[in-house]
Amino acid sequence: MSTKARVIIVGAGLAGMAAARSLTEHDVKVRIIDENPHPGGQLLRTIPAASRSTGLTREGPKRRGLALLSRLKSRRVEIHSQTQVVGSDGAGRVWVDSPRAPLQELSADRILLASGARETFLPFPGWTLPGVLSTGGAQLLIKGSGVLPAPEMVIAGSGPLPLALAREVLKYKGRITALLDESRLVDSLELLKLLPRQLPRLLQGIRLQGRLLRAGVLTRHQSRIIEARGDEQLAECTMAGLDSSGAPVPGSERTLRTPGLAVGCGLVPNIELGREMGCRAGYNQNKGGWVLLVSESQETSISGIYAAGEPTGIAGGNKALLEGEIAGLAIASSLKGRLSRKDRRRLARLRKRLKQELDFGAFLCRLARIPAAGYASIPKETIICRCEQIRLAEILESIHLGFSTMASVKKATRCGMGRCQGRTCAPILQEILMTHPDAASNGPAPLSVRSPVKPVALESLLEPKEGVR
Amino acid sequence: MSTSSIQQQSADVVIIGGGVRGLAIAYFLSRAKVDVLLVEKRFIASGASGLNMGYVNVSAKKPVYYTRFSKMSADLYPKFNQELGGDIEYERKGSVFVAESEAAMQDLAQIVVERNVVPGLDMKLLDSAELLRLEPALSPRLAGGYWSPADGGVNPLKLTRALARESSRLGARIMTGTEVQDIRVQSGRIEAVHTGEMTIATHVVVNAAGIHVPRIAQMVGLTVPVNPERGQVVITEALSKILRHTVGDYKQFADGQILIGTTNEDVGEDTQVTSRMISDRVGRALRIIPALHKARSIRFAAALRPMPPDRLPIYQKMEGISDFYVAVGHSGMTLAPITGQIFSDWITKGRSTYDLSAYGVERFEG
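Computed from a predicted structure; not experimentally measured.

**Student:** Pulling in residues and values, what's your account of the side chain of Arg 201 of chain A?
**Tutor:** Residues and elements named next belong to chain A. By the secondary structure assignment, Arg 201 is in helix 8 (residues 199-214). By relative accessible area, which is 18% here, Arg 201 ends up buried. If we ignore the near neighbours within four places in the chain, the residues touching Arg 201 are Leu 191, Ala 315, Asn 318, Glu 357 and Phe 360.

What follows is the structure, given as structure tokens:
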């Protein structure tokens, strides 16, 4: 990693790969930094290894992702796996950490942030018990190793991930005790407004529901897991029905005995690296919460730093592909001068399609969204920060004392200051603050992020390389 | 802008700054039943008070009168801790300083002799073997160190939070996100403090605004020399117990995280961390505590210490204007109880029992 790449792409998911392709087509030297063992991002990770090599998959974005991957490999694009960008020096250089070498400071003419998204949750007492998993984590476990987390499972949450997990559980002959969804059934029908463009997705959803019904699994809408119990290991959980505001209905509780519970409430964009670099963020419920703000060219508020895919808003694989391609073309044009007429027409087409995908994204985010009453009904004894074991009661006490911003609550309670660096609890804490009467007046404020964005071994921090100031 | 939107408030004392000094003063004044309003530009402990080791340190303080002064504050801590509710991770187990070379060892030897002039310090020079018996995780290659039983520590975040909580409970009003724009003086007397949205009628102001002390002091025509000094730190993930005491620049907190300090940089108000300094500090930490090699860092951070030119605190009641006080300097954690006591006495009784002649701004004149 000694030569300077003109463009560093952070993340080898769909957006990063699509950008790399546009850039290499324009003879721009690209280096992709990716934290996973294999390129392809979260979406391709969920393709079983067997079909990954054959390229056999029905879903559009996955199929295009596989095609991109083989193309990048044939073009010998430099992809550094298990490598992370953990920060920057504030002057355009990024700090790159890999398990094999000391931290390096790299510079590039342009940086593209395509760092994806992660799951978020609505905490409940017992959500830290062994046996309680995230829907995404359970899916990776099944697909990665072919092993079910438990022979019987309760799956709950919002957005498309619980459904996707249910399909996998059935495929691997698991039993689904209950499938709960936060939203109302009618909310899903909004997809009809996005026809005909989203017809494939509608059909995909209908096929999936049909498969679940044949297996005797009926999705219970407006339901939530409100507690999980067990001695050292999950044994049972309590579900409750929800009223129209999203609060549990008293008296509707039912106990479900289960050795496995998977929960997930949609995705939040990974914007930490962009924030660390000083890029502006905005809060948009239709995009999954805090997102990096970008121009039509996918450029952030910091000149030369671009973002594509989930960091600019949750909207699925097609949007990531489109934004990656747009960013690639925009970066190529900023480095090489004016684009050809063909490329300009291509950009216009991509932007038009992007708009349609953003409508779909807004639908997805509305479906996954937890209403204020959901956060307001978290019991006080619930752990919010898993690393530091901080309970909601401590956070509420701090808000009462006037520690009512993200930064001050963090300092006052240590919520988010543990090993995971707030990756799990920060989005939850933000929602709690934004819906709390004594804190909401501060308005939404994005988290300020410090390097390292991911934990770094101390010994990697030794021996500064050339180019260090 | 319409003037009708300006909120009117009043307070016996307005404290500017929600760091450990301002909060300690607010706490002691509230206990003395004084009506206090504390305004903070950002949030509680948003500056150096929120990013430090929480070192209650006596052994590194010089000259002798400052060692003695720091010791007096450290001696107030057990009672202070108890009155605050005992949840600030206070302990007085002593601390260790290490020397990597024989030359550094000679410096420590001289420090031990100088400091031990103050009764109760009882510092002791340690050879390499004695050092390892006290702190088995340290490198056997160190030349040695000193042991200072009078030193201790707190958790700075818990201390500032407890001060805010207890002050509020006693009736103090704390307003965060509130920046002072101007202080109105009439015929040599303070009349009001103006913030963007508020006019606070008051005759007494305490300027404890940390690195912003000079700007606030200028509002009443006073020059206070304070410069920001950047300190960069590296924080590790929670680790099993490695350090038994504070070891110079290293402290393991109750939750297992280790803070690796620190730098002293004159770079203005820049809180950027730099890879060179991070490497340098981590390099030294790994030489001294080899067990940290495999540990991971979860946070780099930098804060600005408010540093007077001679590195001693400034405690000042201004001449010519009544009543404007200044409380600023490094070592806010060590000096929290004595600072609170001094200003509470000064404001309520007109005098402090402590000798403050060495800490006025006059010392910088001519």
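Moving on from the model shown.
**Student:** Account for the sheet that holds strand 19 (residues 314-317) of chain B, naming residues and giving values.
**Tutor:** Residues and elements named next belong to chain B. Pairing within the open sheet is mixed, and its six strands lie in the order 9-3-2-13-20-19. Lying at the two open borders of the sheet, with one neighbouring strand each, are strand 9 (173-175) and strand 19. This sheet shows a mean twist of 15° between the axes of neighbouring strands, independent of strand direction. Taken together, the three bridges between strand 13 (residues 205-207) and strand 20 (residues 324-328) define a ladder with parallel strand orientation. Each bridged residue has a counterpart across the sheet, and for Val 206 the counterpart in strand 20 is Tyr 325. Packing against the sheet, helix 1 (residues 20-31) makes contact with strand 2 (13-16), strand 3 (36-39), strand 9, strand 13, strand 19 and strand 20, and its axis sits at approximately 170° to strand 3.

**Student:** Outline the state of the cysteines, supporting the account with residue identities and numerical values.
**Tutor:** All names here are of chain A. Tallied over the entire structure, the rule returns zero disulfides over all chains. Looking at the unpaired Cys 385, the closest cysteine sulfur is the one in Cys 425, lying at 4.1 Å. What makes Cys 385 buried here is its relative accessible area of 2%. Between Cys 420, a free cysteine, and Cys 387, which holds the nearest cysteine sulfur, the sulfur-to-sulfur gap is 3.8 Å. Given a relative accessible area of 24%, Cys 420 falls into the partly exposed group.

What counts and what doesn't
Residues numbered from 1 in each chain as written. Chains lettered and ligands numbered in written order. Predicted model: local features only at pLDDT ≥ 70, side-chain atom pairs only at ≥ 80, totals over all residues. Heavy atoms only, no water. Helix = DSSP H or I, 4+ residues; strand = E, 2+ residues; numbered from the N terminus. Buried < 20%, exposed > 50% of the residue type's maximum accessible area, 1.4 Å probe, protein only. Contact = heavy atoms within 4.5 Å. Pairing = 2+ DSSP bridges. Axes fitted to C-alpha atoms, helices over the stretch in contact; angles between N-to-C directions. Disulfide = S-S within 2.5 Å.

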